[in-house]
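Here is what each chain is made of, one letter per residue.
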Amino acid sequence: MITVTTDFGLRSPYVGEMKVAMVRVNPGAMIVDVTHGITRHSIIEGSFVMEQVVKYSPPGTVHLGVIDPGVGTERRAVIVEGEQWLVVPDNGLVTLPMKHIRPRMAWEIDLESIKRFTGWRISSTFHGRDVFGPAAALIDKGVEPEEFAKEIPLDSLVRLNLEPEVDGDIYTLTVIYVDDFGNVILNLENYERPREVELLDFGLRIPYLNTYGQVEKGELLALPGSHDYLEIAVNQGSAAEVLNLKVGDKVRVRVWG
């Protein structure tokens, strides 16, 4: 199985081009579209989405992620092998999904070697179709990475700084995702369940509950959500709109036990 996460959108032919290129390389590929609606160029958002899919995928799954604002530059095209595979630009996309695959090795894809398998030229602006898609298809087909990539150190991969900043009892957190409901997901996980969460920059203390309907319509709450990260929500409303937050913003939080 190959999962696919991109910021291509659905109006243009890019998703279709990439997928037919993958099937041409590997006619037996089973391709699962995760989303092509990642906010354009949002590496943080893409990393979060890929992480969630990795957590529920079986061993051997190949995860293709193409959020690539640096396409055509000197940024590397990489493969990470563990219990599952990641095929991504080396721009930090690996940060969150790599936590769950027990990574063992990494490779840099060689563009000239990929051309031997595809038979077509490589565009300087569409590596999803010409590099990443075919590489994912080859791995899924059972071709060894050594045939089209060179090994690189795992610790050389670019990673985003998505660790919470802690100062006493205050966390400075990053918004790592805003879903279609306007729920705001922050990069705090594995925390002790509090009674209340204080949003210091907004002068608000809100209850920490199990689900949205435990407050009145339009009221703010905090909850564990379905992704194991701290989530801020509004019952039948948008926390992102109420708080004017977007991916990458910083939020100072204090949790009250």
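Scroll up a little and you will see the structure.
Residues numbered from 1 in each chain as written. Predicted model: local features only at pLDDT ≥ 70, side-chain atom pairs only at ≥ 80, totals over all residues. Heavy atoms only, no water.

### What about the sheet that holds strand E2 (residues 31-35)?
Read across the open sheet, the 7 strands follow the order E2-E1-E3-E5-E4-E6-E7; overall the sheet is mixed. In this open sheet, the two edge strands, each paired with only one partner strand, are E2 and strand E7 (149-152). Direction aside, the axes of adjacent strands within the sheet are offset by 25° on average. Bridge count for strand E4 (residues 77-81) against strand E5 (residues 85-89) is 5 bridges, and the pairing is antiparallel. (Pairing = 2+ DSSP bridges. Helix = DSSP H or I, 4+ residues; strand = E, 2+ residues; numbered from the N terminus. Axes fitted to C-alpha atoms, helices over the stretch in contact; angles between N-to-C directions.)

### Some words on the layout of surface pockets
Computed from the structure, the largest pocket encloses a volume of approximately 300 Å³. Residue composition of the lining of the largest pocket, grouped by class: 7 nonpolar, 5 polar and 3 charged. Every residue lining the second largest pocket is counted, 15 residues in all, and those nearest its centre are Leu 96, Lys 99, Leu 162, Glu 163 and Glu 189. Among the elements that take part in the lining of the second largest pocket, strand E10 (residues 184-189) stands out by supplying 3 residues, more than any other. When its residues are assigned to classes, the lining of the second largest pocket shows 9 nonpolar, 2 polar and 4 charged. (1 Å grid on protein atoms, 1.4 Å probe; cavity = no way out; pocket = protein on both sides within 12 Å on 5 of 7 lines; lining within 4 Å. Points joined across faces, edges and corners; volume = space filled by probe spheres on them. Nonpolar A, V, L, I, M, F, W, Y, C, P; charged D, E, K, R; others polar.)

### Here's the deal with helix H3 (residues 111-118)
What H3 keeps buried is the set Ser 113, Ile 114 and Thr 118. Taken down its axis, H3 places every buried residue within 135° of arc, on the same side. Among the exposed residues of H3, those oriented more than 90 degrees off its buried face are Glu 112 and Arg 116. Taken from the residues just after H3, Gly 119 is the one with a positive phi, measuring 85°. (Buried < 20%, exposed > 50% of the residue type's maximum accessible area, 1.4 Å probe, protein only. Arc of directions from axis to C-beta.)

### Let's talk about unusual backbone geometry
Keep in mind that most residues, glycine aside, have a negative phi and that most peptide bonds are trans. With phi around 55°, Asn 190 is a residue other than glycine that occupies positive phi space. Summarising the element assignment, Asn 190 is placed in the loop between E10 and strand E11 (196-199). Asn 190 gets classed as exposed once you look at its relative accessible area, which sits at 75%. Notably, Asp 228 is not glycine yet its phi reads approximately 70°, a positive angle. By the element assignment, Asp 228 lies in the loop between strand E13 (220-223) and strand E14 (229-234).

### Things to note about the packing of helix H1 (residues 14-25) against helix H4 (residues 127-141)
Contact pair H1 / H4: the axes reach a minimum separation of 8 Å and the direction vectors enclose 40°. Put simply, H1 runs oblique to H4. Judged by the sense of rotation from one axis to the other, the crossing of H1 with H4 is right-handed. Where H1 approaches H4, its residues Glu 17, Met 18, Ala 21, Met 22 and Val 25 are matched on the opposing element by Gly 128, Arg 129, Gly 133, Pro 134, Ala 137, Leu 138 and Lys 141. Here the contact of H1 with H4 is built from residues that sort into 7 nonpolar, 2 polar and 3 charged. (Parallel < 35°, antiparallel > 145°, perpendicular 65-115°, else oblique. Left-handed = near helix turned anticlockwise from the far one by under 90°. Contact = heavy atoms within 4.5 Å.)

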